[in-house]
Amino acid sequence: MKPVIVTDPPRADLGQVARLADYGVATVHEALGRSGLLGPDLRPIQDGARMGGTAVTALCWPGDNLMIHAAVEQCREGDVLVVTTTSPCRDGLFGELFATALRYRGVKGLVINTGVRDVSDLRALGFPVWSAAVSAQGTVKATAGAVNVPIVIGGQVIRPGDAILADDDGVMRVRREDVQTGLDASQARLEKEAAAREAFAQGQLGLDRYGLREKLEALGVRYLTAEEYEKEQA
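Residues numbered from 1 in each chain as written. Predicted model: local features only at pLDDT ≥ 70, side-chain atom pairs only at ≥ 80, totals over all residues. Heavy atoms only, no water.

Colleague: What's the story with the overall build of the chain in this structure? I'm lost.
Modeller: A tally of regular secondary structure across the chain gives nine helices and twelve strands. Computed over the C-alpha atoms, the radius of gyration of the chain is 22 Å, more than 25% above the 17 Å expected from 2.2 N^0.38 for a compact globule of 234 residues. C-alpha extents for the chain along the principal axes are approximately 70 × 45 × 35 Å. Out of the 234 residues belonging to the chain, those deemed buried represent 44%. When the accessible area of the chain is evaluated, it comes to approximately 12,100 Å², of which 51% is carbon and sulfur surface. Measuring between centres, the 26 positive side-chain charges of the chain sit 4 Å from its 31 negative side-chain charges. (Helix = DSSP H or I, 4+ residues; strand = E, 2+ residues; numbered from the N terminus. Rg over C-alpha atoms; globule rule 2.2 N^0.38 Å. Buried < 20%, exposed > 50% of the residue type's maximum accessible area, 1.4 Å probe, protein only. Areas by Shrake-Rupley, 256 points an atom, 1.4 Å probe, with all protein chains shown as cover. Lys, Arg positive; Asp, Glu negative; His and termini not counted. Charge placed at Lys NZ, Arg CZ, Asp CG, Glu CD.)

Quick look at the structure:
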């Protein structure tokens with residue numbers, strides 16, 4: 001890793017990203033072919049938060065938050081700070097003081113696959129955070145890393161300026177050039193789900209709506225009465 005701070009990378013359109021976030025992570029993830037999810041380890045420290053913004057990335061050394069300080073300077077309104085480390089770490093790299101600085105700059109929130117601290121203060125500030133851990137373990141500011149370079153979380157490559165969506169269901173990345181595709185596909189999925197919801201409210205079963213009875217039959221699934229089943233088990 002070369003120590004570097006990249007300034008003013010291209011960003012996805014904030015208006016489009018905000019509209020995409022309104023669909024929710026689960027819908028967008030499914031609409032884009034079940035892609036972009038950063039995995040189940042990133043959980044919100046608060047309930048009911050939803051955000052969408054453009055990524056400013058920070059690559060830190062374990063137990064060292066120096067490059068988060070450098071990344072704050074590169075953040076602007078509508079961004080989401082996304083942080084990872086060069087090897088696994090659960091220390092509390094981020095806390096209330098960072099959040100205060102980022103709120104001033106109009107940052108939407110934080111995604112970090114290490115730990116965070118000052119959780120009650122972060123909640124009181126209303127600063128959305130998705131993290132892999134909560135830890136009071138302190139950190140140092142000693143080792144150079146990188147800001148606004150591609151990073152990997154949960155097997156997904158996140159580039160500066162990509163769209164980051166997060167809610168109670170998790171966090172996902174949408175490549176900046178795919179945001180419009182995501183909007184179109186998410187709207188189509190929303191309409192499909194609305195039709196299914198109406199059908200289910202009228203009593204239709206998913207087995208019939210999605211043609212799953214035929215699939216069960218093709219997989220060799222049989223319907224047996226309780227008596228027939230007990231006889232087969234005897």
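So much for the structure itself; the text now carries on.
Colleague: Got a minute to help me understand the pattern of salt bridges in this structure?
Modeller: Should their charged atoms come close, side chains of opposite charge can pair. Summed over the entire model, instances satisfying the criterion amount to 13 salt bridges. The partner of Asp 8 in a salt bridge is Arg 11, and the shortest N-O contact between them spans 3.6 Å. Of the charged contacts, one joins Glu 177 and Arg 159 as a salt bridge, the two residues approaching to 2.6 Å between their closest N and O atoms. Pair noted here: Glu 177 is in the loop between β12 (170-174) and α6 (179-201) and Arg 159 is in the loop between β10 (156-158) and β11 (163-167), with a separation of 18 residues, a long-range link. Shared partners join several salt bridges into a network, and the residues in it are Arg 159, Asp 162, Arg 175, Glu 177 and Asp 178. (Salt bridge = Lys/Arg side-chain N within 4 Å of Asp/Glu carboxyl O.)

Colleague: Looking at this structure, how should I read the side chain of Asp 79?
Modeller: With respect to the helices and strands, the residue Asp 79 is situated in strand β4 (residues 79-85). For Asp 79, a relative accessible area of 0% corresponds to the buried category. In terms of polar contacts, Asp 79 uses its side chain to reach the side chain of Arg 11, at 2.9 Å. Within polar-contact distance, the side chain of Asp 79 engages the side chain of Thr 54 at 2.6 Å. Every residue in contact with Asp 79, bar those within four places of it in the chain, is listed here: Arg 11, Thr 54, Val 56, Gln 74, Gly 106, Val 107, Lys 108 and Gly 109. (Polar contact = N/O pair within 3.5 Å; in protein donor to acceptor, adjacent residues only side chain to side chain. Contact = heavy atoms within 4.5 Å.)

Colleague: How do you make sense of helix α1 (residues 14-23) when you look at a structure like this?
Modeller: In an α-helix there are 3.6 residues to a turn, and that puts residues three or four apart on one side. Restricting attention to buried positions, one finds in α1 the residues Val 17, Leu 20, Ala 21 and Tyr 23. Down the axis of α1, the buried set is contained in an arc of 145°. They therefore lie on one face. Looking at the buried side of α1, the elements it contacts are α2 (25-31), β3 (51-60), β11, β12 and α6. By the N-cap criterion, in which a side-chain oxygen at the helix start approaches the backbone nitrogen of a residue two or three places on, α1 is capped by Asp 13, the distance to Gly 15 being 3.1 Å. (Arc of directions from axis to C-beta.)

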